[in-house]
Amino acid sequence: MPLTDSPAKPHDHSLCIEDALGQARLICEQRNVRLTAIREQVLGLIWQSHKPIGAYDLLEQLAKTHHAAKPPTIYRALEFLQDNGLIHKIESQNAFLGCAHVGGHHHGQFLICTICGTAQEIDEKIVSSALENASQAHGFRIQSFVIEIKGLCATCQDL
Ligand SMILES: [Zn+2]
Ligand SMILES: [Zn+2]
Ligand SMILES: [Zn+2]
């Protein structure tokens, strides 16, 4: 789990990246799936900040070191990372964010700052189970949901 509780506040972000990549390696090893160099690199690019990043921006950055990188390269890597719960898609921005709670099945819940763009993942079990129960009561089985909460992060409120 990343060391910072408030990603918008100044912190040693290199530790977040190190931590995220370390956990990703561990999870892929446990699942016996291959975190190839390109997948790991894409994950590292996504973890460059706590702001969601789009596929096009990722491709642009990846192309600096992998001149042969094409959109399918990125899309395949993103699909792998999503399938293995290492990243989330922020639907409203069509962008991707590193998962802050890897290893457990959960639906995404995000606090998204409308000023600086930082997105913080929260995992309120009580919210998820309330929605699951309510859906079940209607005979509906949830496949996935993402909750995106817009507002101001602690840092931007002080500006
Ligand atoms: Zn960080
Ligand atoms: Zn997550
Ligand atoms: Zn902010």
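Every chain is numbered on its own, with residues counted from 1 as its sequence reads. Throughout, the order in which chains and ligands are written sets their labels, letters from A for the former and numbers from 1 for the latter. Thresholds applied to this predicted model are a pLDDT of at least 70 for local features of residues and 80 or more for the giving and counting of side-chain atom pairs; totals over whole chains, interfaces and linings are not thresholded and use all residues.

Per the secondary structure count, the protein chain includes 6 helices and 6 strands. Radius of gyration here is computed from C-alpha atoms only, and the compact-globule reference equals 2.2 Å multiplied by the residue count raised to the power 0.38. Radius of gyration (C-alpha) of the protein chain: 16 Å, near the 15 Å computed for a compact globule of 159 residues. Here the C-alpha coordinates of the protein chain stretch approximately 50 × 45 × 25 Å along the principal axes. Here exposure depends only on C-beta density: within 10 Å of a residue's C-beta, 20 or more other C-beta atoms make it buried, 12 or fewer make it exposed, and intermediate numbers make it partly exposed, the C-beta atoms being placed from the backbone. Classification of the 159 residues of the protein chain by burial places 27% in the buried group. Put simply, of all contacts in the protein chain between residues at least 6 apart along the chain, 56% involve residues at least 24 apart. Think of it this way: any DSSP run of H or I at least four residues long counts as a helix, any run of E at least two long counts as a strand, and we number them from the N terminus. Working definition of a contact: two residues with C-beta atoms, positioned from the backbone, lying within 7 Å.

Moving on, we come to the pairing of strand 2 (residues 87-90). Relative to strand 3 (residues 95-98), strand 2 runs antiparallel, the two being bridged by 4 bridges. Of the residues in strand 3, the one forming a bridge with His-88 is Leu-97. For two strands to be treated as a pair, DSSP must find no fewer than two bridges joining them. Turn length for the strand 2-strand 3 hairpin, with the two strands adjacent in sequence and antiparallel, is 4 residues, and the turn residue Asn-94 shows positive phi of about 50°.

Attention now goes to the packing of helix 2 (residues 37-46) against helix 4 (residues 71-83). The N-to-C vectors of helix 2 and helix 4 enclose an angle of 80°; their axes lie 9 Å apart at closest approach. The orientation of helix 2 relative to helix 4 falls into the category roughly perpendicular. Each of Ile-38, Arg-39, Val-42 and Leu-43 in helix 2 lies in contact with helix 4, whose residues at this interface are Thr-73, Ile-74, Ala-77, Leu-78, Phe-80 and Leu-81. Counted by class, the contact of helix 2 with helix 4 contains 8 nonpolar, 1 polar and 1 charged residues. In this analysis, axes come from line fits to C-alpha atoms, helices being fitted only over the stretch in contact, and the angle between any two N-to-C directions falls in the range 0 to 180 degrees. Under this scheme an angle from 65 to 115 degrees is roughly perpendicular, one under 35 degrees roughly parallel, and one over 145 degrees roughly antiparallel; angles in between are oblique. Polar here means any residue outside two lists: the nonpolar Ala, Val, Leu, Ile, Met, Phe, Trp, Tyr, Cys and Pro, and the charged Asp, Glu, Lys and Arg; Gly therefore counts as polar.

What follows concerns the nonpolar core. Soluble globular proteins tend to pack their nonpolar side chains together in the buried interior. Val-42, Leu-43, Ile-46, Ile-74, Leu-81, Ile-87 and Phe-96 are the most contacted members of the largest nonpolar core, which totals 32 residues. For this core, the secondary structure elements donating two or more residues are helix 1 (13-31), helix 2, helix 3 (55-62), helix 4, strand 2, strand 3 and strand 4 (108-113). Broken down by element, this core gets its largest block of residues, 5 residues, from helix 4. Ignoring any residue separated from it by four or fewer positions in sequence, one finds Val-42 in contact with Leu-58, Leu-62, Ile-74, Ala-77, Leu-78 and Leu-81. For this entry, the nonpolar core is defined as buried Ala, Val, Leu, Ile, Met, Phe, Trp, Tyr and Cys residues connected by C-beta atoms within 7 Å.

The next point concerns the sheet that holds strand 2. An order of 1-3-2 is seen for the 3 strands of this open sheet, with the pairing classed as antiparallel. With one partner strand each, in any of the chains shown, strand 1 (53-54) and strand 2 form the two edges of the open sheet.

Here we come to the sheet that holds strand 5 (residues 119-122). Pairing is mixed in the open sheet, where 3 strands are placed in the order 5-4-6. Pairing within the sheet leaves two strands with one partner each, and these edge strands are strand 5 and strand 6 (146-151). The mean angle between the axes of side-by-side strands here comes to 25°, regardless of whether they run parallel or antiparallel. Sheet topology note: the strand 4/strand 5 ladder contains 4 bridges and is antiparallel. For Leu-111, the partnering residue across the bridge sits in strand 5 and is Gln-120.

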